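Close look at the chain arrangement
Single-letter residue listing:
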Amino acid sequence: MKQVFGRPESLVDVASHFCPGCHHGTIHRLVAEAIDHYGVREETIGAASVGCSVFMYDYFDIDVVESPHGRSPAVATGVKRSNPEKFVLLYQGDGDLAAIGTAEIIHAANRGEPLTVIFVNNTVYGMTGGQMAPTTMLGQRTTTSPYGREFSQDGYPIKITEMLAQLEGVAYAARVAVDTPAHLAKAKKAIFAAFEAQVEKRGMGMVEILSSCPTNWGMNAIEANKRIETEMIPYFPLGVFKERKGSDFF
Amino acid sequence: MTKSFEKGNVAIAKAAVSAGCLYYFGYPITPQSDIPEYLSGVLPGLGGQFVQAESEVASINMLLGAGSTGKRAMTSSSSPGISLKQEGISYMAGSEIPGVIVNIQRSGPGLGGISASQGDYFQSTRGGGHGDYRTIVLAPATVQEMYDLTILAFDLSDKYRIPSMILADAMLGQMKEPLDEWKPELGIDYGHSEWILTGAKGRERRRVKSLYLGDGDLAEHNWRLAEKHKRIAENETRASVDIPEDAELVVTAFGSAARIARTAVDRAREEGHSVGMLRPITLWPFPAEEFVKVGEKGTPILAVELNTGQMVEDVEIAVKGASKVSFCGYPPGYLPSPDEIYEKIMEILKGEEN
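Criteria and thresholds
Residues numbered from 1 in each chain as written. Chains lettered and ligands numbered in written order. Predicted model: local features only at pLDDT ≥ 70, side-chain atom pairs only at ≥ 80, totals over all residues. Contact = placed C-beta atoms within 7 Å. Helix = DSSP H or I, 4+ residues; strand = E, 2+ residues; numbered from the N terminus. Pairing = 2+ DSSP bridges. Domains from an automatic or database assignment. Nonpolar A, V, L, I, M, F, W, Y, C, P; charged D, E, K, R; others polar. Axes fitted to C-alpha atoms, helices over the stretch in contact; angles between N-to-C directions. Parallel < 35°, antiparallel > 145°, perpendicular 65-115°, else oblique. Left-handed = near helix turned anticlockwise from the far one by under 90°. Buried ≥ 20, exposed ≤ 12 C-beta atoms within 10 Å, placed from the backbone. Right-handed = clockwise from strand over helix to strand, strands pointing away. Core = buried A, V, L, I, M, F, W, Y, C linked by C-beta atoms within 7 Å.

**Here we look at the interface of chain B and chain A**
Contacts between the two partners involve 35 residues from chain B and, on the opposite side, 30 residues from chain A. Elements that contribute at least two residues to the side of chain B that touches chain A include exactly strand S2 (23–26), strand S3 (49–52), helix H3 (56–68), helix H4 (79–95) and strand S9 (207–208) of chain B. Bridge analysis of strand S2 (residues 63–66) of chain A against S9 of chain B gives two bridges, and the strand direction is parallel. Counted as the bridge partner of Val65 of chain A is Val208 of chain B from S9 of chain B.

Rendered as C-alpha cells:
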C-alpha cells in the first residue's frame, strides 16, 4: 500500500506540551516538512527562543542551542558566521521577536544574515499566562490589559513583517495564517520560500504566522480559529511583502 | 617567537589570533576599541569573521552562538558594556558554552569615566549575572600577560566548558611594552567534544541549553556546576608569590595596582624591610590557600586596590582573622604614586597605622 501521509522525519514522535487548539503543533509540522524537503536536517542548527516556542528542541530532530529571550537572531548570527555551511533555523514568538528582541531581529535582518525565521504571532504572551504582547489587538483583554488594549496607552499592534520587508538584507518576508486548509497551503509555500532564501544564500527569509492561543484568549479551539479570520487578518494583512530572487544584495 | 612593542589591547587581539580564535563580536567602547579595530583588519584575511554588533547584548549572544558550535570566539568591552553582557554570560555559564570575554575596565558606577579602575572585581568574580555560577577571571599586570593569559583563557574555557574573562583596565590596555608573541599548541582534545553542535548527522540530536524544568533536574545541574567550579579551583588557581621567610608584612594587589605596589615593596626592601608581595593572577578561582599560609604565620597583610575595597573581602575571608588586614584604596580618577603606598607600608611596619 502506498503511504500518502505520515509524520515528517524531522519531527520527533513525542506528545507535545501544547494546549488543545494551539497552532504551534501545526506550524511545527510545516517547518519539519520544509526541513525534510530541502534535506537539511543533518546540517541544521536551531536557535530556540524563550516562550512556548523554546520546546522546539524537544520536537524537532535537530541540534538546537537555547537563546536568551529575544536574542536568537544574535545567537543564530554567531552560529551562521562561524558555520556558513550549516542551515540555521529560528522559531520565535511575538513577545520574543517583536518586543524584547526587536533590536536583534532588525539588525540581523539588516546585515542580511542568511537565516530562516519562523515568527509565530498569536497576539499574546503564552507561556507566562496571557499578558499583553506588542501584537495584541486594540481592545483585546489580556491579564495586563484587563480593560482592553488602548492605543493611547499601549500603542497599536506592531506590524513587524512590513517593517522588516523594508530592509535590504531581507530576501523574503511574508505573513500567512494557519486557520484554514487554504491558508495552510499558502503557509507551507511561504515557509518553503523562507528556507530557499537561506539555501540559496540570498539573505534572511522570514514568515510571520498568525496563529491561535485558545487558552489565553479564553476561547475554544473553533472560536479561536475564527478569531484569526475575523479580527487578526483584517489588521495583519496576509501576503508576500518582499521577494528578492537575485543575490544582488551580496 | 616574534618580538614586538605593543599596546596591551593589541596584545590581547594578537593572542586571540594565536589561540586560533577566528570569530570576534563586539561593540565600540573606550578604552578597549583597539581590540575590535585590530581584529576587523586581521580576521577577514584569515578566513574568520569580525562582526560589529548592534549592541553589547547582541555581541555576547553571537559569542554564545559561535561557542555552541565549538568554535573559538571572543568579545571585548569595558565596564558598562560588560554589565550589558551579563545576561549572555549567565546563559553561557548555564549552558556550559566556552568563550572569552575581555573587560578593559573603565570607571563606574554608571557612565563613570574612562580612567583605569578595578571597580568590577565583585561583578567579575561573583558571576555577574543571575544564577549560581562563576566564570574564570584572569588578571594580567603586564602587556606580556595580556597576551599569555588570553591564550590561557581560551584553553581553560574549552577545557572546562566555562566562559573565561580577562579583567584588565584602561592603563594596561593603553600602554605599550615589549611583547614576545609565542604560538600555543592548538586543537588540544579535552575529551568532551560530544556536546558540540554540528548538525545531527549520523548521531542523536544535541541540545545546548540551560532550561531544566524536571523535578530536581535544575538542582542537580547546579550541583554539577558547583563540582566543576571546585575542580577548577583545585587545578587552575594561579598567583605570583614572592614572600620572604621572615616577612613582616605582605602586600597584595592585582593587575595595574600590583605594578605600583610592587615598586613600593621593592623600595621598602632596599631599605632593609622584609616585605612580601602576593599577586593573585586568577581572581576566580581566588588563591585563598596562599593567604591561608600567610595567616598561619600571622603576618599582617596590606591590600591595595584601585577601588574602595573589593578583593580585600576575599583576603579577609581567606585568613579568617589570623592576620591583620589593612586596606589602601584608590577610586577612579586618581592613580597613587609608589611613594604613597610605600608610606602606608611604613606606617604599618612602625605600628603607626590609623
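**What to know about the domain arrangement of chain B**
All names here are of chain B. In terms of domains, chain B is made up of domain 1 (2–200 + 213–236) and domain 2 (240–349). Using C-alpha coordinates to define each centre, domain 1 is positioned 27 Å away from domain 2. Listed as interface residues are 28 residues of domain 1 and, on the opposing side, 22 residues of domain 2. Elements with a minimum of two residues in the side of domain 1 that touches domain 2: helix H5 (121–125), strand S6 (136–138), strand S7 (163–169), helix H7 (170–174) and helix H8 (217–236). With four residues, H5 is the largest single contributor of residues to the side of domain 1 that touches domain 2. Among the residues forming the side of domain 1 that touches domain 2, the class breakdown is 15 nonpolar, ten polar and three charged.

**Concerning the packing of helix H1 (residues 8–18) of chain B against helix H2 (residues 34–42) of chain B**
Residues and elements named next belong to chain B. The contact between H1 and H2 brings their axes to 8 Å, and the two run at 40°. As far as their axial angle goes, H2 and H1 are oblique. Considering the relative orientation of H1 and H2, their crossing is right-handed. Between H1 and H2, the residues in contact are Asn9, Val10, Ile12, Ala13 and Val17 and Asp34, Ile35, Tyr38, Leu39 and Val42, respectively.

**Details of the pairing of strand S5 (residues 99–105) of chain B**
All names here are of chain B. Within S5, seven of the seven residues are buried, leaving the element largely enclosed by the surrounding structure. Here S5 shows no split at all, with Gly99, Ile101, Asn103 and Gln105 on one side and Val100, Val102 and Ile104 on the other all buried. Of the pairings in the sheet, the one linking strand S4 (residues 73–77) to S5 comprises four bridges and is parallel in character. Bridge pairing in S5 places Ser76 opposite Val102. With H4 bridging S4 and its parallel neighbour S5, the resulting β-α-β unit is right-handed. Pairing of S5 with S7, which is carried by seven bridges, proceeds in the parallel orientation. Residue pairing in the sheet places Val100 in a bridge with Ser164 of S7.

**Side note on the nonpolar core**
Within the largest apolar cluster, 172 residues are counted, with the highest numbers of intra-cluster contacts made by Ile118 and Ile209 of chain A together with Val251 of chain B. Taken domain by domain, the makeup of this core includes at least three residues from each of domain 1 (2–200 + 213–236) and domain 2 (240–349) of chain B. Dropping the residues within four chain positions of it, Ile118 of chain A is found in contact with Ile27, Val31, Leu90, Tyr91, Ile191, Val207 and Ile209 of chain A.

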